[in-house]
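A structural walkthrough
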Amino acid sequence: PSATQLLVAALNDNQASVRIIAARALGRMTVTPASAITALTARLQDPSADVRGASASALGRSRHPGDGAVVALFAAANDNDSDVRAAAVLALASIELPAEKVLPVLATSLADDDAAVRGKAIAGLEHLGNAANSVLPEITAALSDDAATVRVSAASTIGSLGESARPAMPQL
């Protein structure tokens with residue numbers, strides 16, 4: 001069996017730690033085979049939040065995971081676990097989707113109760129370039145977030161938008 005086949009099989013191991021390592025390893029592959037995409041997508045329903053998060057991250061690194069994985073990632077962006085939501089939000093921003101498709105979930109995630117989710121949503125907006133200007137007021141408001149990581153992400157995203165973010169500059 002190939003390394004991919006062994007890692008895909010490991011995604012079904014009875015130990016969550018093995019499934020997590022397998023998902024991370026698959027996410028580091030230069031090209032993620034279809035069999036791995038299918039298996040990682042299935043793991044978004046895993047009982048372990050850590051496995052779901054690792055699988056979401058791996059799918060985000062694949063860049064072109066396909067429609068089934070994208071639908072599952074949108075669902076994972078509403079997971080009960082904040083780490084899974086954060087991983088799914090960043091994955092959705094990282095894969096090649098039209099900005100108008102991913103912008104609503106990123107904008108909604110800016111109001112999440114968890115700072116990690118808000119930070120990943122803002123970082124994800126940076127991937128969208130000028131499309132992020134439509135939520136520039138929300139990004140600017142994040143400069144006053146209680147969490148330093150969210151404030152840093154907001155400043156970085158505003159900086160990456162350049163001249164189009166001029167209205168936010170007085171807040172920096």
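That block above? That's the structure.
Below is a short write-up of the structure. (Residues numbered from 1 in each chain as written. Predicted model: local features only at pLDDT ≥ 70, side-chain atom pairs only at ≥ 80, totals over all residues. Heavy atoms only, no water.)

By size, the foremost hydrophobic cluster in this structure holds 55 residues, and its most contacted members are Leu73, Leu92, Leu106 and Leu125. The element contributing the most residues to this core is helix H6 (residues 82–94), with seven residues. Setting aside its immediate chain neighbours within four residues, Leu106 contacts Val89, Ala93, Ala121, Gly124, Leu125 and Leu128. (Core = buried A, V, L, I, M, F, W, Y, C linked by side-chain atoms within 4.5 Å. Buried < 20%, exposed > 50% of the residue type's maximum accessible area, 1.4 Å probe, protein only. Helix = DSSP H or I, 4+ residues; strand = E, 2+ residues; numbered from the N terminus. Contact = heavy atoms within 4.5 Å.)

With respect to the helices and strands, Glu126 occurs in helix H8 (residues 115–127). Since its relative accessible area comes to 31%, Glu126 is described here as partly exposed. Among residues more than four places away in sequence, those in contact with Glu126 are Ser156, Thr157 and Ser160.

Moving on to the pattern of salt bridges. For the structure shown, the criterion picks out five salt bridges. With a closest N to O distance of 2.8 Å, Arg19 and Asp46 form a salt bridge. A residue pair is termed long-range when its members are at least 10 positions apart, and Arg19 in helix H2 (residues 16–27) and Asp46 in the loop between helix H3 (34–43) and helix H4 (49–61) qualify at 27 residues. On the basis of relative accessible area, Arg19 is assigned to the buried category, the value being 8%. Arg118 serves as the salt-bridge partner of Asp145, at 2.8 Å between the closest nitrogen and oxygen. Separated by 27 residues along the polypeptide, Asp145 in the loop between helix H9 (136–141) and helix H10 (148–161) and Arg118 in helix H8 bring together distant segments of the chain. Accessibility expressed as a relative area gives 15% for Asp145, which makes it buried. The exposure class assigned to Arg118 is buried, which follows from its relative accessible area of 12%. Put simply, Arg19, Arg43 and Asp46 are held in one network by salt bridges that share partners. (Salt bridge = Lys/Arg side-chain N within 4 Å of Asp/Glu carboxyl O.)

Keep in mind these values describe shape, not function.
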